[in-house]
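# Coordinate analysis (summary)
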Amino acid sequence: MVVDHASGELSLGISGGRSAAGALVRRIVVVGGGITGLTCALACARAGAHVEVIEAHASATRLPAHIDVVPNLLRDLARLGVAQACVQRGFAYSGLSVVDERGDEGFRLPTPSLAGPQLPPAVGIALADLLDLLEGAAVRSSVDVHRGCTVSRVDSESGRVIAEDGRVWEADLVLIAAGAGSPLASALLGPARPGVLRHAWWHALLPRPPWLDRSTWMAGSVGRRLLLVPISMSRAGVAVVSTEEASGPTDGYALTRQLKSWGSFPRRIAAAIDPSAPVVLHRVTSWLRDPPWHRGAVLCVGASAHVIAPPFGQSAAQDLEDAVVLGELAAAGLDRPRLLRQFTERRSERVRCLHELTERAALWTTQPEPATDLLQLAGEIDRLVATPA
């Protein structure tokens, strides 16, 4: 139920009042319309719940970034019914090539097929394209998306969501999917403990080099790392590590200057980037809230509960796992306490293990040490995610 306090009229109705604790979860409000929020909304709507998404931004993000849809992420997109659309919008590939600063391949890592025989092992896709795809699928599944609406308060006892403009939503379950810096999550569970990572990644889009047909990881001198991913027949996405302080410019000219100071391979990439085009400099963080991630009628999901470091594409993959597990539990007809308890049992230890492994890999990115075997870490992560959550 949504009530417009200015007019006192019911602007969107759902029969029934607030459910008491122990009642079935039928009405879900999701705060945040990013990857986590949209996939949670889609999963729960497919499970039969009435779902509403509240997003502060008036329009969808168009950040110049890509998503590396690794095998377990593609498997969960398949479970949500959107993997084939992702393949059609992106670029299917198999294998991870590891090269040096000259572009010479040292070895190649396989990408296992986890999404079934009808789908490729992995896909690269533009972030904006993936968000468009997910929002379209959610709307077709009868999810109501309210854009340009900022939530000011969530009542964990009643499941009431209050917006700055006076609108109020009543829900059996409220999902906080508003990202790592969400004040709503901090108000619910307390401030998150800061992580140990101290670097950033540039993200940019560029024309796809004709030879690029798989994800390519460049491991050069200390602090010189980049990931190049094909995202369509005509475009690629690049992520470049930055260990410098962010006091200087954060535009495409700064990114290309950095790449031109490295080896011949990154210099070729720099030549393909339009320095006047938009880029993103994203601070790398990694932290994990202690479970449980819920209180009363409110559950934190995705980066509001856990921020997984970038290596091996597990950040978005773990957001999707939250959504898929939540959808399965909603479909099981559980009451709220049982749903929240089983969600914690299925997610907390798995996320803890992945958080530890990916953080070690992220530290190696800028501070390599002999004790860290990156291939061993990759193998441990592959074995852990080989089985669905």
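Quick summary incoming for the structure in this document. (Residues numbered from 1 in each chain as written. Predicted model: local features only at pLDDT ≥ 70, side-chain atom pairs only at ≥ 80, totals over all residues. Heavy atoms only, no water.)

### What to know about the pairing of strand E17 (residues 225-230)
Along any regular strand, the residues point their side chains to alternate faces of the sheet. Heads up, the condition is: Working definition: with a 1.4 Å probe on protein chains only, accessible area under 20% of the residue-type maximum means buried, over 50% means exposed, and in between means partly exposed. The numbering of helices and of strands both runs from the N terminus, where a helix is a DSSP run of H or I of at least 4 residues and a strand a run of E of at least 2. At least two bridges found by DSSP between two strands is the condition for calling them paired.
In terms of burial, E17 is largely enclosed, as six of its six residues are buried. Residues Arg-225, Leu-227 and Val-229 line one face of E17 and the alternating positions Leu-226, Leu-228 and Pro-230 line the opposite face, and both faces are buried. Pairing analysis gives four bridges linking strand E16 (residues 215-219) to E17, with the strands arranged antiparallel. In the strand pairing of E17, Thr-216 is matched with Leu-228. Hairpin connection from E16 to E17: five residues lie between these consecutive antiparallel strands, with Gly-223 at a positive phi of about 85 degrees.

### Overview of the sheet that holds strand E8 (residues 105-109)
Heads up, the condition is: Convention adopted: a line fitted to C-alpha atoms gives each axis, helices being fitted over their contacting stretch, and angles between N-to-C directions are expressed from 0 to 180 degrees.
Strand order in the open sheet formed by seven strands is E8-E7-E16-E17-E18-E15-E19, and the pairing between neighbours is mixed. Strands with a single pairing partner mark the edges of an open sheet, and in this sheet they are E8 and strand E19 (280-283). Ignoring which end each strand starts from, the neighbouring axes of this sheet average 20 degrees apart. Sheet topology note: the strand E7 (residues 96-99)/E8 ladder contains four bridges and is antiparallel. Residue Leu-96 lies in a different strand from E8, and its bridge partner there is Leu-109.

### Description of the sheet that holds strand E3 (residues 27-31)
As a reminder, the rule being used: Throughout, a residue-residue contact means that at least one pair of heavy atoms, one from each residue, lies within 4.5 Å.
What the six strands build is an open sheet, ordered E10-E4-E3-E14-E22-E21; its pairing is mixed. Because the sheet does not close on itself, it has two edges, and the strands there are strand E10 (144-147) and strand E21 (294-295). Examined bridge by bridge, strand E14 (residues 173-176) and strand E22 (residues 298-300) share three bridges and lie parallel to one another. Bridging across to E22, Leu-175 finds its partner in Leu-299. Along the sheet face, helix H9 (residues 336-366) touches E14, E21 and E22 and points at about 30 degrees away from the line of E14.

### Describing the packing of helix H1 (residues 35-46) against helix H8 (residues 314-331)
Basically, it comes down to this: Any angle from 65 to 115 degrees is called roughly perpendicular, while one under 35 is roughly parallel, one over 145 is roughly antiparallel, and all others are oblique. Left-handed describes a crossing whose near helix is turned anticlockwise from the far helix through less than a right angle; right-handed describes the clockwise counterpart.
Following both chains from N to C, one finds H1 and H8 inclined at 20 degrees, their axes separated by 8 Å at the closest point. Between H1 and H8, the angle falls in the class roughly parallel. H8 is crossed by H1, and the crossing has right-handed handedness. Where H1 abuts H8, its residues Ile-35, Thr-36, Thr-39, Cys-40, Ala-43 and Cys-44 lie against Asp-319, Leu-320, Ala-323, Leu-326 and Gly-327.

### Section: the packing of helix H6 (residues 252-260) against helix H7 (residues 264-272)
Following both chains from N to C, one finds H6 and H7 inclined at 155 degrees, their axes separated by 7 Å at the closest point. Compared by their axis directions, H6 and H7 come out roughly antiparallel. Note on packing geometry: the crossing formed by H6 with H7 is left-handed. Between H6 and H7, the contacting residues are Thr-256, Leu-259 and Lys-260 on the first element and Pro-266, Arg-267, Ile-269 and Ala-270 on the second.

These figures come from the coordinates and say nothing about function on their own.
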